[in-house]
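Architecture and fold: a report
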Amino acid sequence: MPAPPIPAQAPPRAPSRGFALLPSALLAGTSTVLLVALAAFGPVVPLAVLGALLAVLTATFRPKAFALIALVAIVVEAPLRNVLGPVGGYAGEGAIALAAVALSTRRLVTEGRLVWLPGTGWFAGYLVIGLLSSVAAEVPADITLPASYVALKGVIFAFALAQLDWTREDLVVLVRVGITAIVVMATTGLVNLVFPATWTGLTTGNPPLSYVGPIPALNGVFQHPAAFSRFCGVLAVGALVYGLVVRRSFANGVLLVASGGFALLSFQVKSIVGLLGTLAVLGGRYLRPVGAAAVVAVAPLVLLVAAPPVVSLVSGDITMYVDPDSARFRLVQGGATVAAEYFPLGAGFGRYGSSTAAENYSPLYYDLGFPDRYGLTPEPDSGQFLNDSQWPAIYGETGWIGAFFFAAGLACMLVSLLRRTTVAEQPLVHWIRITGVGWLFLLLVESVASPVFVSSPSFPFVFAAAGIVAAFRATGQDGRPGRHRLSSPHG
């Protein structure tokens, strides 16, 4: 007797649309409840949490877009602090930390190895010496750790960018962003020039700092003319190198004149000297004979107009460094005293010349007699020179050995930027490489009078260039692994 036929089973019933949307609804509801609960701690807290979540997602799924966002956050750190308070002031440093963790993790997952920066070994030695100095000097951990991060945040940012596979198209985007930045700086600088009192009242709450004749020292979107000057100088170097090694055009000339001109109109001596020196070095190396002849022909007229105010500004600034009673002289001299006293180490991170030492007013400042000196006192509005130079913080906190390690790391970066990534290097890769050289020269000149390797808005650019060049050298310009891939963290 044949077996009865097996009845056909009905196909599984698809879940209803309501059940399919249930996980999303639960996630949205939970997130809403969490954000409302966090609002009890203040209106900024839920916004900060939401912003952090968006930043993590962007860093994970759109890493190059996040790298650009991080760069912008660093540049506008000071304006963000004015608008959002202390939370805005930490936006740049938070973005760097997230970039380092997210981009290096992503690289390890996808490639199985990291790209190491030239000079990493030297910078690591600088960190170790600084930490040893902190332990020997019994600096509290809550001061040492954030101060050490701030001291190396530029290197950390470079390391993060080196983990991405950069392409020519990415560099095109960076050029366009640079053009946009020049237009914004020129527009705000022009408004600042025409309506100085109104503009500075809106951006700083104070009248213009100084005038040269009828012209005010411009501050643009920043609180201080020094920041505006440094950022415009960075943009001017990028525009000049583009015209020298990629393509010359009238539009590029206009961008160069606009960015360089507004940098000069800030009347910051260190920026003027650094920018003019950098432009001269790069122009002397890359200008064609016709361009050099044109510069020689126009230079006397420019000097006739610009020399008197420039000489006056420079002579006034030099006095601040050679006068033994000036705050800047005391800061430089005090760093040498501290390095000698704590030899062979230093006073430890956060103890001398850094922003952390200024915020916590290092006990060493009392021993050096700083409270009795103008610009070095513990009052918030009277200690503006406590963080007025880069190198006293380096050799004061990590000693002469740490300063040597830091300088050696910069030297390794410079050598990397001077070397071609491949024999057939693309023009835009050549541009970012030589622009990085110009930025490093600019910052080295300004470092005698500003903490340029740790302060916004100018510090990230040379480190970003070093990281991008390291990525190109490690992966090859066509995106395939090349023979220059670095497998060890040594410089």
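For the structure itself, consult the block above.
Here is what the cut-offs are and how they apply
- Residues numbered from 1 in each chain as written.
- Predicted model: local features only at pLDDT ≥ 70, side-chain atom pairs only at ≥ 80, totals over all residues.
- Heavy atoms only, no water.
- Axes fitted to C-alpha atoms, helices over the stretch in contact; angles between N-to-C directions.
- Helix = DSSP H or I, 4+ residues; strand = E, 2+ residues; numbered from the N terminus.
- Parallel < 35°, antiparallel > 145°, perpendicular 65-115°, else oblique.
- Contact = heavy atoms within 4.5 Å.
- Nonpolar A, V, L, I, M, F, W, Y, C, P; charged D, E, K, R; others polar.
- Core = buried A, V, L, I, M, F, W, Y, C linked by side-chain atoms within 4.5 Å.
- Buried < 20%, exposed > 50% of the residue type's maximum accessible area, 1.4 Å probe, protein only.
- Salt bridge = Lys/Arg side-chain N within 4 Å of Asp/Glu carboxyl O.
- 1 Å grid on protein atoms, 1.4 Å probe; cavity = no way out; pocket = protein on both sides within 12 Å on 5 of 7 lines; lining within 4 Å.
- Points joined across faces, edges and corners; volume = space filled by probe spheres on them.
- Expected span 1.5 Å × (residues − 1).
- Bend = angle between axes of the 7 residues up to and from the residue.
- Phe/Tyr/Trp six-rings, centres within 6.5 Å; stacked < 30°, edge-to-face > 60°.
- Patch = residues over 30% accessible without salt bridge, like charges linked within 9 Å, V, L, I, M, F, W, Y side chains within 5 Å.
- Areas by Shrake-Rupley, 256 points an atom, 1.4 Å probe, with all protein chains shown as cover.
- Arc of directions from axis to C-beta.

So, on to the packing of helix α11 (residues 168–194) against helix α12 (residues 196–203). Close contact between α11 and α12 brings their axes to 5 Å; oriented N to C, the two are set at 120 degrees. Considering their axes alone, α11 and α12 lie oblique with respect to each other. Each of Thr-188, Val-191, Asn-192, Leu-193 and Val-194 in α11 lies in contact with α12, whose residues at this interface are Pro-196, Trp-199 and Thr-200. Residues belonging to the contact of α11 with α12 are distributed by class as follows: 5 nonpolar, 3 polar and no charged.

We now examine the nonpolar core. The biggest cluster of nonpolar side chains holds 93 residues, and the ones touching the most others in it are Phe-157, Trp-166, Phe-231, Trp-431, Phe-453 and Phe-463. The element that contributes the greatest number of residues to this core is helix α13 (residues 225–245), accounting for 14 residues. Non-local contacts of Phe-453, meaning those with residues more than four positions away in its chain, are made with Gln-390, Trp-391, Phe-406, Leu-410, Leu-440, Leu-443, Leu-444, Ser-447, Phe-459 and Phe-463. In this structure, Tyr-361, Leu-364, Leu-368 and Leu-386 belong to the second largest nonpolar core, which totals 14 residues.

Moving on: the pattern of salt bridges. This model, assessed by the stated rule, comprises 5 salt bridges. One salt bridge connects Lys-153 with Glu-93, and the closest N-O pair in it is separated by 3.2 Å. With Lys-153 in helix α10 (residues 153–162) and Glu-93 in helix α7 (residues 91–111), the pair connects residues that are 60 residues apart, well separated along the chain. The burial state of Lys-153 is the same as that of Glu-93; both residues are buried. Between Arg-420 and Glu-425 there is a salt bridge; the shortest N-O distance is 3.7 Å. Accessibility expressed as a relative area gives 45% for Arg-420, which makes it partly exposed.

Moving on, we come to empty space enclosed by the protein. As enumerated under the stated definition, the model contains 2 cavities of 30 Å³ or more in all. Taken together, 19 residues line the largest cavity, and the ones lying closest to its centre are Ala-151, Ser-354, Gln-390, Ala-393 and Val-454. Mapped onto the lining of the largest cavity, the elements with two or more residues apiece are α9 (141–151), α18 (355–359) and α20 (391–418). Per-element tally for the lining of the largest cavity: the top contributor is α20, with 4 residues. Estimates place the volume of the second largest cavity at around 40 Å³. Of all elements in the fold, only α13, α14 (250–264), α15 (269–286) and α21 (427–446) reach the threshold of two or more residues within the lining of the second largest cavity.

In this chain, Phe-343 is followed by Pro-344 through a cis amide linkage whose omega measures 10 degrees. As for its placement among the helices and strands, Pro-344 is situated in the loop between α17 (327–341) and α18. Cis geometry is found at the peptide bond from Ser-456 to Pro-457, where omega equals 5 degrees. If you trace the backbone, Pro-457 turns up in the loop between α21 and α22 (460–475). If you check the backbone angles, Phe-267 has positive phi at about 60 degrees while not being a glycine. Looking at where Phe-267 falls in the secondary structure, it is placed in the loop between α14 and α15. In this model, Tyr-361 sits at a positive phi of 45 degrees, which is unusual for a non-glycine residue. Position of Tyr-361 among the secondary structure elements: in the loop between α18 and α19 (363–367).

Compared with an ideal rise of 1.5 Å per residue, which puts 28 residues at 40 Å, α20 spans 24 Å between its outermost C-alpha atoms and falls more than 12% short. At Gly-399, α20 shows its strongest bend, of approximately 125 degrees.

Next up on the list: the packing of aromatic side chains. Under the defined criterion, the tally for this structure stands at 21 aromatic pairs. Relative to Tyr-366, the ring of Tyr-361 has its centre 5.2 Å away and its plane inclined at 75 degrees; by these criteria the two rings are edge-to-face. Given the relative accessible area of 8%, Tyr-361 is considered buried.

Here Tyr-342 shows up in the loop between α17 and α18. The exposure class of Tyr-342 is partly exposed, given its relative accessible area of 26%. Considered as a pair, Tyr-342 and Gly-399 are 57 residues apart in the sequence and their alpha carbons are 7.4 Å apart. Ignoring anything within four residues of it in the chain, the contact list for Tyr-342 reads Ala-137, Ala-347 and Leu-364.

As a further point, take the environment of Val-139. Turning to its location among the elements, Val-139 is positioned in the loop between α8 (120–136) and α9. Residue classification places Val-139 among the buried positions, given a relative accessible area of 10%. Between the C-alpha atoms of Val-139 and Gly-348, which are 209 residues apart in sequence, the distance is 6.6 Å. Other than its neighbours up to four places away in sequence, Val-139 contacts Ser-134, Thr-144, Ala-347, Gly-348, Phe-349 and Arg-351.

This paragraph deals with a nonpolar patch on the surface. A cluster of nonpolar side chains, Leu-50, Leu-53, Leu-54, Leu-57 and Phe-61, forms an exposed patch at the surface whose accessible area comes to about 490 Å². Here Leu-57 shows up in helix α3 (residues 44–61). Leu-57 gets classed as partly exposed once you look at its relative accessible area, which sits at 41%.

Further remarks concern α14. The terminal C-alpha atoms of α14 lie 21 Å apart, and with 15 residues this matches the ideal 21 Å at 1.5 Å per residue to within 8%. Of the residues making up α14, those classed as buried are Asn-252, Leu-255, Ser-259, Gly-260, Phe-262 and Ala-263. One side of α14 carries all its buried residues, which in axial view fall inside an arc of 165 degrees. Of the residues in α14, the exposed ones pointing more than 90 degrees away from the buried face are Phe-250 and Val-257. Among the structural elements, α11, α13 and α15 are those in contact with the buried residues of α14.

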